[in-house]
Each structure stands twice: as C-alpha cells, then as structure tokens.
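Listed below are the residues making up each chain.
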2 protein chains.
Amino acid sequence: MNDFITLNHGSGGRASQDLIKNIFIKSFGDNKTVLSDSAILNIPEDRIAFTTDSFVIDPIFFPGGDIGKLAVCGTVNDLAVSGAVPKYITASFILEEGLPVKDLKQIVNSMAEQAKIANVKIVAGDTKVVHKGKCDKIFINTTGIGVFEKDYSYISTGEKVQINDKIIINGFLGDHSVAVLDARNEMDLKSNVESDCACLNELIQNALKADMRIKFMRDVTRGGLATVLNELAEIINYGIELDEKNIPVRESVNGLCEILGFDPLYLANEGKVLMIVNAEDTNNVIKILQKNSLGVESKIIGEIVSDHPKIVVGKTKIGGKRIIDMLQGEQLPRIC
Amino acid sequence: MNDFITLNHGSGGRASQDLIKNIFIKSFGDNKTVLSDSAILNIPEDRIAFTTDSFVIDPIFFPGGDIGKLAVCGTVNDLAVSGAVPKYITASFILEEGLPVKDLKQIVNSMAEQAKIANVKIVAGDTKVVHKGKCDKIFINTTGIGVFEKDYSYISTGEKVQINDKIIINGFLGDHSVAVLDARNEMDLKSNVESDCACLNELIQNALKADMRIKFMRDVTRGGLATVLNELAEIINYGIELDEKNIPVRESVNGLCEILGFDPLYLANEGKVLMIVNAEDTNNVIKILQKNSLGVESKIIGEIVSDHPKIVVGKTKIGGKRIIDMLQGEQLPRIC
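About the criteria used
Residues numbered from 1 in each chain as written. Chains lettered and ligands numbered in written order. Predicted model: local features only at pLDDT ≥ 70, side-chain atom pairs only at ≥ 80, totals over all residues. Helix = DSSP H or I, 4+ residues; strand = E, 2+ residues; numbered from the N terminus. Rg over C-alpha atoms; globule rule 2.2 N^0.38 Å. Buried ≥ 20, exposed ≤ 12 C-beta atoms within 10 Å, placed from the backbone. Contact = placed C-beta atoms within 7 Å. Pairing = 2+ DSSP bridges. Axes fitted to C-alpha atoms, helices over the stretch in contact; angles between N-to-C directions. Right-handed = clockwise from strand over helix to strand, strands pointing away. Left-handed = near helix turned anticlockwise from the far one by under 90°. Least-squares fit on C-alpha atoms with pLDDT ≥ 70 in both. Core = buried A, V, L, I, M, F, W, Y, C linked by C-beta atoms within 7 Å. Domains from an automatic or database assignment. Nonpolar A, V, L, I, M, F, W, Y, C, P; charged D, E, K, R; others polar. Arc of directions from axis to C-beta. Expected span 1.5 Å × (residues − 1). pLDDT = per-residue confidence, 0-100.

Asks: Sorry if this is basic, but what is going on with the overall build of chain A here?
Replies: Summing up its helical and strand segments, chain A has 10 helices and 14 strands in all. Radius of gyration (C-alpha) of chain A: 21 Å, near the 20 Å computed for a compact globule of 336 residues. With the C-alpha coordinates of chain A rotated into their principal frame, the extents come out at 65 × 50 × 30 Å. When the 336 residues of chain A are sorted by exposure, 58% land in the buried category. A separation threshold of at least 6 residues defines the contact pool for chain A, and within that pool the share at least 24 residues apart is 85%.

Okay, structure coming up:
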C-alpha cells in the first residue's frame, strides 16, 4: 500500500481492490457486502427512514472529531430524530490525489468506531479519486436506513405540536462551530472547546421508549437553532417564544461570539436535538435525557405560543424581545 | 434566484431553501420528503438491495448524457444487476461556488427524466456548497433502495455459475469512455460516439421475469469488461474464455483505441450488463434482450471453462490466446 492516494486507487481495478481490502475491510469488517457495490439486507419492518448527507468539512480533523465521525453521526442523527432506529449506512468517498493514506485510515477508523457506538452497520461503499486540486482532501457521503418500531411520522411533520408545549435542547449550543473555527487556525482563538459531534440515537430512543408526549424532533446542525425553529414555525400555525437566558451556551463560546459578531443561535451543532414536548411531560423528559452523558445539560428553552403565529421571538437576557429570523446568508462556511 | 451558486446556497438557511424550492422541487416533484433530510418509505418486502455511488465525471456534460443522467442510471443499474427492482433514490450534491444555476437546472432535469424512465422516486436530498476551487463544478452521490420480488442473491455471488455457461453482453463496449474523452477536447478526436449511459432495469427485469437460468449479472463500468470478468473469476473455481472476435466494439472506438493504445476491454461503460447464462437458455435470453432498444446488439462473447481456473483468457482475432488481467492502474481518469 502506498503512503498517498493515487488516481489508480479510483480506477476500479487492482489498486481499488487493494484500497478496499487494506483500509475499508480492516475497519468496517470483512463481509461480502463491503466489497461489492450493493448490499442485500433483511428489513422485516414495513416502514423505514431513508436519509442522505454529504460531508465537506474543512479542516478534516478538529477538536472532538473528524470528518469520518461527523459523517456517521450526522446520518445516524437524521434517522434518529425521525423516530427511526438507525440500522444500515453506506459510505461513499471522494478522495483527492495525494491524500495521506494514514489520514484516510484514521478517518475510516473513526467511522467504524462511531458505527459501533451507534449500533449501525456500514454495508456498502464507493470510492472515487480526483486529480489534485479537484476536491479538498476528502468528501464523504453517508446514506442511512432506519426502521420504525412504532409509527412516529408525526415527529417530523410537527402535526401534533400545540400551544404551551415546551422546547427542550440537550445541551450547549455552538461548540461544533467554534471547535472547527479554532482548528482552522485562521484566527488565534484557542477556545479549548471541543465539537459536540456525537451519535444521539441512544439518547433519543430512551426518551421515545418512555412514552412521553414528544411531538417534534429535529437535529440542530448548520443554520443552528434559529433555522430549525423557523422551519418548525413555518409548518405549525403557532408562534415560538425562546427564553434566551435559559439557552445553554458555554461562556467561552459566548465570549467568542461577542468578539466575532456571531449569534450562537445560528451556530452549527453536530450533537444537539431539539424536542417539542407536552408541558406535563417536560420534567420527565429532561430527567430521562440527563441520565445520558449527551443530555446532562438538557434544558427547557422556550415554548409554543398563540401570539405571533409562524414567527420565532426571543426574550433577550436584558428583558427585551427580538424576532429570530432564518439565517439569511452563511455565517460560517463548511462546518459540516 | 441568482445566476450562479453562492456559498449561501449551502448554509442551511433561507438561500438553501430557495435552492430546494426553485430547483429541486421543480424537477423532482413537490413531496414533503424532498424538502426534508429524511424520507419515510413503505417497503412491504422483507429483502432489499442498498447501493451507493458518487459521481465526479469531467466534463459534466458529454455526448449522450451528463453527470445527472449518469448518477441516476449508475445507481439504478447497480440495483438492477443484483436482481432488485429499483424503487427509491437519494440525491446529494456538492456544488462549487460559481457553478451556473442553469447548469444545475439542466443536470437536475436530467436526473428527473431518468428517474421517470427507470420508475424510481428521488425521495431525499442534501446540498453542500464549497469555495471556488475546492471541488470540480459538481459532484453527485446517489444511493438507492431496490426490492426483491424473488430471492436473487445468487446473482451477485456467482455461486450457481458452472462450466459451459455462456457470457452475454448487451451491446458495444467503450462508447462511454470515448464520448467522455471526446468531450474533454484535449485530443482532437471527433469520434461522434455517444455515451451508452442508460438505465438498464427494464432490460434486466424482462430477462429475469422470463425464468431463464441467468446465474450472474454485473454492470460493466469503470475498469471495463476485463475487470468484471476478473472479479467473477476470483469468486468461481473455473476459468473464463472470451472470444474476442465476437465482442461488440464500434469500428470508430476500435480505431481510436489503436491510435491511443487503449484496450476496449478496459474502457468504462454506463449502459452495459454482463450476464452468465446456462448454455441451453442463451438463445432465448439473447432474443429477450434484443427486443429492448438497449439490447439490440446483445451477443455471446465467451464461456465458462474448466481450464485455467480463476484466469480470464481471450482468444484473439488472429487466433492466438492472451491472459486478460485486471486493470493495474488507471487507463482513463474520471469517466464515471
């Protein structure tokens, strides 16, 4: 095996086979389906979730993770917030000629590790290699299948959301964006913040299994909390009110946001889930979430209101109110 | 809508939503799942095929197709050759800042057109935008789900292949490689050859439904016929003998290969399927294939033999024999 990826590794011939055998099978396990383009799967359930995501993060390694960890967690989380149990993932790589093979190995190992944690199988893959300068080191697509043990279709549509329902978030916002910014070394930040990148399926499944009235879920990624809440506001006929003093943001992240002019509500996350929960069940849901290491800082951060339908309003820390609109442009590039 | 893709289109905010509404929904149809990351699907069958492929072809438009057509056909064909009926596809885009929106529209329209032809639904998607120079115009990942109406798992493993089985190909080899080379304008070729890029699922399903003893199938893409046959030779205990005079290659493609030093057996295709068929059923399979416009030039090109196990041997046009090994390096870059 060479030390660097060459165009031959994408040829479909001998070098491609070597790459599959020496890198992918070593990490993902030696089943026939990894070697072949197509996996054959047994899915006894009638209803599945199917989701896709491409990852182009720059840099590919950052505090708290790398592009491989991100690629598995991102797709696992997309499935989990739909109420599905994530089961199978495909992994498709676009590699830049000259990528160090040791970087690829580290990324693939991260993927295998996260897949194990999330209890999903990586069952099929693809690798393309492009000339140096025609992509940025490595892009990964992961596409996943999850199965529904119950009908949770209402959780994505928001159709059950009502006035007085509470908004819960499972921890600090903005860590991922800040960690990635930091890793870029373009600004001398030294925030010591790690990305929150994590697979949330266990946390979410525990909450769902407790039969609490969880009415809507969405992972909070690029575009941040503000974008998710605006998407929700568009599909319900109610208003959304955030209590900004309760929104968990680390002091270091808040400080950086003030210096750089960012709003933490628009920062990307990779391990955060927003839940809309019936008011009576809220404390129980918080307790369940806090039992999981990824939910220790879970908080109620707002509620569904009858005022200002389809509009997200924040009660600011100094007692005022502001409209929290959808992200208009791009606050931070390529953080996912 | 701008004339060119900007970083804002990948932000997850308002501009991303505009892109989804103005480009993707217009072509792929207005169902909720296209707007959301995750599709919820009803799959009554217990057994499914699951396959992924990323497309990085340069140039993105070529005689006979474009990267969008390629992306749908490639994944449809991967599913079809496993014996599955292709049903659902995800489409994930990595766009280079500055890509003309009209190019994206044309590509997305091609995808919609092929999806209609192949009777598959594009059900979920993702879009990332990277800085100018960080990818080459557009990369597309398509990941597909197909369902099995019967158990065809032997068709991928080759476990039923026996001595005297015949090898069938559904038409001319190498057209895709030559068309792409031509479109690059690096050499003054003017071959007038069009890519064979096409969805083969109808052709394949017709053959499967006729209950002929089709023992193995594989689409012949990068690496060419030689690579597919070598992969087959590795998993069976027999030899493979090709009758090179019967292998359909256009005169213009043959001529170009002679000038450029290429071997058509290693050229990429995007609309070719190789079948291994019981000798007694061969003529019937050929007849069925020839009824479909994508199979008119179907031919028997060789057979499974007891000699030289695990080795592919070609009987050359001048009566000699040669070993046809797996592609060692890359004959032509980025043709898929």
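The discussion continues.
Asks: What exactly am I supposed to notice about the sheet that holds strand β5 (residues 85-96) of chain B here?
Replies: Strands belonging to one sheet form pairs held by backbone hydrogen bonds; the direction of such a pair is parallel or antiparallel. Ordered in space as β1(A)-β2(B)-β7(B)-β5(B)-β6(B), the 5 strands form an open sheet in which the pairing is mixed. A single partner strand is all that each edge strand has here, and the edge strands are β1 (38-42) of chain A together with β6 (121-130) of chain B. Each strand of the sheet is rotated relative to its neighbour by a mean of 15°, with strand direction disregarded. Sheet analysis places β5 of chain B next to β6 of chain B, joined by 9 bridges and oriented parallel. The partner of Leu-95 of chain B across the bridge, within β6 of chain B, is Val-129 of chain B.

Asks: I'm lost on the pairing of β6 of chain B in this one. Help?
Replies: On a regular strand, one side chain projects to one face of the sheet and the next to the other, so that they alternate. For β6 of chain B, the tally of buried residues reaches 10 of 10 residues, placing the bulk of the element in the interior. Of the crossover connections in this fold, the one passing from β5 of chain B over helix α4 (residues 101-118) of chain B to the parallel β6 of chain B is right-handed.

Asks: How should I be thinking about the packing of helix α7 (residues 201-209) of chain A against helix α10 (residues 282-290) of chain A in this particular structure?
Replies: Pairs of packed helices are described in terms of their axes, by the angle between the two and the distance that separates them. Residues and elements named next belong to chain A. For the pair α7 and α10, interaxial distance at closest approach is 9 Å and the crossing angle is 145°. Like other packed secondary-structure pairs, α7 and α10 cross with a definite hand, here right-handed. Residue-level contacts link Leu-203, Asn-206 and Ala-207 of α7 to Val-285, Ile-288 and Leu-289 of α10.

Asks: Could you clarify how one ought to interpret the relation of the copies chain B and chain A in this entry?
Replies: Superposing chain B onto chain A takes a rotation of 180° combined with a translation of 0.0 Å along the rotation axis, leaving an RMSD of 0.0 Å. Here the symmetry operator amounts to a two-fold rotation axis. Relative to the rotation axis, the C-alpha of Cys-135 of chain B is the closest in chain B, positioned 2.0 Å from it. Interface overlap between copies is the fraction of interface residues in one copy that are interface residues in the other; for chain B against chain A it reaches 100%, indicating a shared surface.

Asks: Would you explain the nonpolar core in this entry?
Replies: One recurring pattern in soluble globular proteins: nonpolar side chains tend to sit buried together. Among the nonpolar cores identified, the biggest contains 215 residues, and Ile-138 of chain A together with Ile-138 of chain B are the most heavily contacted of them. Here Ile-138 of chain B is in contact with Ile-60, Ile-67, Phe-93, Leu-95, Glu-96, Leu-99, Leu-104 and Ile-107 of chain B, once residues within four sequence places are set aside.

Asks: Would you mind going over the domain arrangement of chain A with me for this structure?
Replies: Buried accessible area, meaning the area lost when the parts come together, often serves as the stated size of an interface. All names here are of chain A. Domains assigned within chain A are domain 1 (7-147) and domain 2 (154-323). For domain 1 and domain 2, the distance between their C-alpha centroids amounts to 28 Å. Among the secondary structure elements, those contributing two or more residues to the side of domain 1 that touches domain 2 are β3 (61-62), α3 (67-81), β5 (85-96) and α4 (101-118). Residues belonging to the side of domain 1 that touches domain 2 are distributed by class as follows: 15 nonpolar, 7 polar and 2 charged.

Asks: Where do I start with the sheet that holds strand β12 (residues 299-305) of chain B in this structure?
Replies: All names here are of chain B. Spatial strand order, β9-β11-β8-β12-β10-β13-β14: 7 strands in an open sheet with mixed pairing. In this open sheet, the two edge strands, each paired with only one partner strand, are β9 (214-219) and β14 (321-323). Neighbour-to-neighbour, the strand axes of the sheet open up by a mean angle of 25°, direction not taken into account. Strand direction decides the pairing type here: strand β8 (residues 166-169) and β12, joined by 4 bridges, are antiparallel. By the bridge assignment, Ile-168 is partnered in β12 with Ile-300. Sheet strands in contact with helix α10 (residues 282-290) are β8, β9, β11 (273-277) and β12, and its direction is about 5° off that of β8.

Asks: Explain α7 of chain A here, please?
Replies: Think of an α-helix as 3.6 residues a turn; residues three or four steps apart then line up on the same face. All names here are of chain A. Of the residues making up α7, those classed as buried are Asn-201, Leu-203, Ile-204, Ala-207 and Leu-208. Down the axis, α7 shows its buried residues gathered within 160° of arc, on one side only. Looking at the buried positions of α7, the neighbouring elements they touch are α3, β5, α4, β9 (214-219), β11 (273-277) and α10. Looking one or two places after α7, you find Asp-211, whose phi comes out positive at around 60°.

Asks: Could you clarify how one ought to interpret helix α8 (residues 224-235) of chain A in this entry?
Replies: All names here are of chain A. The end-to-end C-alpha distance of α8, which contains 12 residues, comes to 18 Å, matching closely the 16 Å that a straight helix rising 1.5 Å per residue would cover. Counting buried residues in α8 gives 9 out of 12 residues, a clear majority hidden from the surface. All buried positions along α8 are accounted for by Gly-224, Leu-225, Ala-226, Thr-227, Val-228, Leu-229, Asn-230, Leu-232 and Ala-233. Here the buried face of α8 lies against β9, β10 (239-243), β11 and β13 (312-315).

Asks: In this structure, what is going on with the interface of chain B and chain A? I would like to understand it.
Replies: Between chain B and chain A, the residue contacts involve 60 residues of the former and 60 residues of the latter. Mapped by element, the contributors of at least two residues to the side of chain B that touches chain A are α1 (14-28), β1 (38-42), β2 (47-55), α3 (67-81), β5, β6 and β7 (138-147) of chain B. A total of 8 residues in the side of chain B that touches chain A trace back to one element, the largest contributor, which is β2 of chain B. Across the side of chain B that touches chain A, the residue classes break down as 23 nonpolar, 24 polar and 13 charged. Bridging between β1 of chain A and β2 of chain B involves 5 bridges; their strand directions are antiparallel. Paired with Leu-41 of chain A across the bridge in β2 of chain B is Ile-48 of chain B.

Asks: Hey, could you run me through the confidence of the model for chain A in this one?
Replies: Note that predicted coordinates carrying low pLDDT should not be read in detail. In the predicted model, chain A carries a mean pLDDT of 92, and 96% of its residues have values of at least 70. What the predictor reports for the complex is a pTM of 0.95 with an ipTM of 0.94.

Asks: Help me understand the pairing of β7 of chain B, please; the structure alone is not making it clear to me.
Replies: Residue and element names in this part refer to chain B. Of all 10 residues that make up β7, 9 are buried, and the element is covered over most of its length. Of the pairings in the sheet, the one linking β5 to β7 comprises 10 bridges and is antiparallel in character. Across the sheet, Ile-94 pairs through a bridge with Phe-139, a residue of β7.

Asks: Is there a simple way to think about the environment of Asn-230 of chain A in this case?
Replies: Residues and elements named next belong to chain A. Turning to its location among the elements, Asn-230 is positioned in helix α8. By C-beta crowding, Asn-230 is classed as buried, having 21 other C-beta atoms within 10 Å. Here the alpha-carbon distance between Asn-230 and Lys-310, two residues 80 residues apart in the chain, equals 7.6 Å. Other than its neighbours up to four places away in sequence, Asn-230 contacts Val-312, Asp-325 and Met-326.

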